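Each chain, written out:
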Amino acid sequence: MRVVANDSRHHFIMNETLKSSVLMSPGKTTIQCGEDVKRDDRALSIRSKNGDILIAAEHGRIKIQAKNIEFVATSDRPEEANIEFRSDNDFEVTKCRDFVVNSTRNARIDAQNLLGLKSHKELHFITSLFKGVSAITLKDKGGIKDAKLGDL
């Protein structure tokens, strides 16, 4: 089945031979749904039984907006079930009430140049064991550049 509009760049193709479907639009495309759905029901689903799902905006931004946003990665394989953020420039949280990280194993922040912590009121470190490494401590061991966690 093939549906083509007056502009051949605007078409919908369901190709049985290639086992694929394509919706092409040279302009804007809007999917609007959910008017007759209850607030907490799922109104739109995009599912892939196998294979990746790619959402790309080559010369634009991707904006996700909702009352809550949840990223969930699940797998019984140890090399999977990860969430990764990569940015060529800044990764910035510009505003939030609380920023909480709960790790069941380890948490680490690694900065190549400067790691700054700033609190306008109080700064608390609570731990059963504290180890600190500084350039002074490691002067005889080759300096901070070669330091690893646990070098004390």
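Before reading on, note that the structure itself is shown above.
This structure is a prediction, so every number in the text was calculated from the model and none was measured.

Chemist: I would appreciate a short explanation of the overall build of the protein chain in the present structure.
Modeler: Regarding its fold elements, the protein chain presents zero helices and three strands. Secondary structure elements in the protein chain, listed N-terminal to C-terminal, are β-β-β. Taking all 152 residues of the protein chain together, the buried fraction comes to 3%. Sequence separation of 24 or more characterises 5% of the internal contacts of the protein chain that already satisfy a separation of 6 or more. Summing over all exposed atoms, the protein chain offers an accessible surface of approximately 16,800 Å²; the carbon and sulfur share of this is 49%.

Chemist: Would you take a moment to explain the side chain of His11 for this structure?
Modeler: Position of His11 relative to the elements: it lies in strand S2 (residues 11-15). For His11, a relative accessible area of 13% gives the class buried. Here the side chain of His11 touches Ser8 through a polar contact of 2.9 Å, landing on its backbone oxygen.

Chemist: Looking at this model, I keep getting lost on the packing of aromatic side chains. Mind explaining?
Modeler: To describe a pair of aromatic rings, one takes the distance between the centres and the angle between the planes. Enumeration according to the criterion identifies two aromatic pairs in this entry. With centroids separated by 6.0 Å and ring planes inclined at 90 degrees, the aromatic side chains of Phe71 and Phe85 adopt a geometry described as edge-to-face. Placement of the pair is Phe71 in the segment after strand S3 (20-24) and Phe85 in the segment after S3, with a sequence separation of 14 residues. For the pair Phe71 and Phe85, a shared accessibility class is recorded, and that class is exposed. Where Phe85 meets Phe91, the ring centres are 5.6 Å apart and the plane angle is 50 degrees; that geometry is what we call tilted. The burial state of Phe85 is the same as that of Phe91; both residues are exposed. Members of the aromatic cluster, connected to one another through ring pairs, are Phe71, Phe85 and Phe91.

Reading guide: rules and limits
Residues numbered from 1 in each chain as written. Predicted model: local features only at pLDDT ≥ 70, side-chain atom pairs only at ≥ 80, totals over all residues. Heavy atoms only, no water. Helix = DSSP H or I, 4+ residues; strand = E, 2+ residues; numbered from the N terminus. Buried < 20%, exposed > 50% of the residue type's maximum accessible area, 1.4 Å probe, protein only. Contact = heavy atoms within 4.5 Å. Areas by Shrake-Rupley, 256 points an atom, 1.4 Å probe, with all protein chains shown as cover. Polar contact = N/O pair within 3.5 Å; in protein donor to acceptor, adjacent residues only side chain to side chain. Phe/Tyr/Trp six-rings, centres within 6.5 Å; stacked < 30°, edge-to-face > 60°.

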